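# Coordinate analysis (summary)
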Amino acid sequence: MKFALSPEQAQFADTLDALLAKSDVARAWAAGDHEPGLAVWRHLADLGVTSVAQDGEPVDLVVAMEAVGFHALPGPAIETLAVLPGHTDGALLATVAIPPHVPYAVDAHVAERVFVLRNGVLFTGTPGQRISSVDPCRALFEVTPATEVGPLDGAFDRGVLACSAQLLGAGRALLARSVDYVKQRTQFGKPIGSFQAVKHQLASVHVGLELARPVVYGAALNAVPVSAAKIAAGDAAYRAARTALQVHGAIGYTVENDLSLWLSKVRALHTAWGTGSVHRARVMATLTRPAGPH
Amino acid sequence: MPNIVVLVKQVPDTYSERKLASADHTLDRASADAVLDEINERAVEEALQIKEAQGGEVTVLTVGPERATDAIRKALSMGADKAVHVSDESLHGADIIQTAKVLAKAIGTVEGYDLIIAGNESTDGVGGAIPAMLAELLGLPQLTHARKVEIDGTSVKVERETDAGRTFLEAALPAVISVGEKINDPRYPSFKGIMAAKKKPVTTLTIADLGIDASEVGLANAASQVLESAPKPPRAAGQQITDEGDGGSKIAEYLVSQKLI
C-alpha cells in the first residue's frame, strides 16, 4: 500500500497550512465572537475545502481535517466537512448529534443547519440547553429531532475518521510547539531539550504520531477500520498533550499560553465520537466476525 | 482579450537556510525547500485579474531544473491556463543575460502574446534585470515596478513606484511589465484549481528546441563567475556607554569621530 500523498494532496495541505497559519481566531471564538472564525470558514468554503468530501477522495478529507487539527481551527469541522456534506443546502456550517456516542451537537448556536441522526435516519434538530465542554472552543448543545430528512449512511464512521485526522493534526502541533519550547527553555545552563528525560519523552510522542498516521490514512482508504484509526490517533494525540504539558512546566497550565488551545481540544476529542473502549469493542467485532468487509 | 505570459521562478524558500554549492559557487538548490517566488504569485494574480475582467489566456513560463514543475503547478492551480518549461542541464550556472535570451526565445513560442508580466526581482538572485533585458531583446516597451496596471484595448497604463517616487507610464501593447510587492494580494489555490492543474498542458522545451547552442549558455559561458564566497560575518556588538552625566558628550564625540557632525 502506498501512503505517500500525491503532489496535489501535498499542495492542498501546503495551501491550508499557509491560510490557517495566518488565522488566529480560536480565542475570539471561545469568547463568543465568532465573526473572525466565520470569515476563515467563508474563505475555506470559497476554496472548496468544505465540499472536499464530495469533490475529492477520502484522503483529501483527511488532509483537510489534519490541517484543521494542526491549526486548532474552531467550529463544527467534522460535522460540516465529513458527516453532512450534501445536507448543508448552501449553509456555511452544519452540525449534528448522533446518539449515543455523539450525544450533543457542537456549536449549534453558530451552525445554520442543525441535525440529529437516529438509527440511520437524519432529522432536522432544535437546539436546547447548552452543555459546557472542557474545550472552550466547543459549545455543546442538546438537540431534539424536528422534521425527518431521510436516511444517511456511514455518517458516524465518516465522523470518526475526520475526528482521528483532527487528533493527528493536533498531536503534531503539540509536538512541534513542545520541540520548539524545549530548545529555548534553559535549565542548569543548557536547553532542557538536551536532557534525555525530556527528549526521550518527545521521541515517544513522535513515534506514536508517526505510527498513527498510516492507520488514519489507511482507514480513509478502507484498509483498516476507522475505529482503529480513532484509537491510534486518539492515544497518540493524548500522549502528545500530556507530554507537552509536562515539558512546558507551569507555563503550560496557563490559559494565556496558546498550548491550552490544543490541550483542551485533544482532551475533548479523545473521548468525542466514541471513547477508546467503544472503538476497541468495534475493532474486536470486526476481528471476530466471519469474513466480510469491515 | 489579452494573451498574457507570466514569468515565474522557483527559488529556495526564504525561511530555509540558503547557500551556495561549494563546488562551483552556484545556488545550492537541493539543500533548501523550493517554492514559487512570492513576487511571481503576485504576477500570476495580476494576470488572472486581467483575464477575469477582459478574457484572454494566461501562459506561465519558467526556466529551471526539472523540479521547477512544482512552481509551474502552483501557478496553474491558481488559475493560469498552460505552461512552458525550459529545462536543460546545460543552463546550469546561466547568468542573467543568458536567461533573458532563453526567455526571449521561449516567449517566441507563445502565439500572439500581448503582455508579459514578471516580478520585479527574485528573492534568490535579486538581480532585478530580467524584465528590462527581455524588453530590450524583444524590442518591447518596459514598464517596471508596477503597483497598478490597467489594460485598455491596445495600450497598458502602469503606476510605477520605486524609492525615488511614483511615475505614471503608458505604452502600446505588446509590452513587458514587472510588478512590485504592493500590486495585489495573491489568491490561494482552490481545491478544484489544484486538481484541474494536473490536466493543464505543460510544454517542456530544451535549448535545442529554442535554437540555442549549448556553447552559448551555462556557467562556462557566463559573463561573470563567482570565484569565492563566504557567509556574511556576524554583526559586531555595538559600543555601550554608561551615562554618568557625560552620555550626551560621549555620543557627540562618537558622531564627530565618524565625521557625522
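The structure displayed is predicted, hence computed values, not measured ones.

Rules of the game
Residues numbered from 1 in each chain as written. Chains lettered and ligands numbered in written order. Predicted model: local features only at pLDDT ≥ 70, side-chain atom pairs only at ≥ 80, totals over all residues. Heavy atoms only, no water. Pairing = 2+ DSSP bridges. Helix = DSSP H or I, 4+ residues; strand = E, 2+ residues; numbered from the N terminus. Polar contact = N/O pair within 3.5 Å; in protein donor to acceptor, adjacent residues only side chain to side chain. Contact = heavy atoms within 4.5 Å. Phe/Tyr/Trp six-rings, centres within 6.5 Å; stacked < 30°, edge-to-face > 60°. Buried < 20%, exposed > 50% of the residue type's maximum accessible area, 1.4 Å probe, protein only. Buried area = accessible area lost by both parts, 1.4 Å probe. Salt bridge = Lys/Arg side-chain N within 4 Å of Asp/Glu carboxyl O. Nonpolar A, V, L, I, M, F, W, Y, C, P; charged D, E, K, R; others polar.

Quick look at the pairing of strand β8 (residues 155-162) of chain B now. Residues and elements named next belong to chain B. Bridge analysis of strand β7 (residues 142-152) against β8 gives six bridges, and the strand direction is antiparallel. Counterpart to Val149 in the pairing with β8 is Val158. In this structure, the hairpin formed by β7 and β8 is closed by a connection of two residues, where Gly153 is found at a positive phi of approximately 60°. Note: β8 against strand β9 (residues 165-172), eight bridges, orientation antiparallel. Of the residues in β9, the one forming a bridge with Lys157 is Glu170. Between the antiparallel neighbours β8 and β9 lie two residues.

Attention now goes to the side chain of Ser87 of chain B. Residue and element names in this part refer to chain B. Positionally, Ser87 belongs in the loop between β5 (82-86) and α3 (96-107). Within polar-contact distance, the side chain of Ser87 engages the backbone oxygen of Gly64 at 3.5 Å. The residues touching Ser87, leaving out its near neighbours within four places in the chain, are Gly64, Pro65, Glu66, Thr204, Leu205 and Thr206.

All names here are of chain A. With the rule as written, the count across this model stands at three aromatic pairs over all chains. An angle of 85° between the planes, with centres 6.1 Å apart, marks the rings of Phe188 and Phe195 as edge-to-face. On the basis of relative accessibility, which here comes to 71%, the residue Phe188 falls in the exposed class.

Here the focus is the interface of chain B and chain A. Counting residues at the interface gives eleven residues for chain B and 15 residues for chain A. Of the roughly 1,200 Å² buried at the junction of chain B and chain A (both faces included), carbon and sulfur atoms supply 66%. It is Tyr188, Phe191 and Ile194 of chain B that lose the most area in chain B upon contact with chain A, and together they represent 60% of the buried surface on that side. Seen at the junction of chain B and chain A, the total is two salt bridges. Note that Lys192 of chain B is salt-bridged to Asp55 of chain A, the shortest N-O span being 3.8 Å. At the junction of chain B with chain A, the criterion picks out three residue pairs in polar contact (both at pLDDT 80 or more). Secondary-structure elements contributing two or more residues to the side of chain B that touches chain A are α2 (69-78) and α5 (191-197) of chain B. A per-class count over the side of chain B that touches chain A returns five nonpolar, two polar and four charged.

Looking only at α2 of chain B, the buried set comprises Ala71, Ile72, Ala75, Leu76, Ser77 and Met78 of chain B. Gly79 of chain B occupies a position one or two residues after α2 of chain B and carries a positive phi of about 140°.

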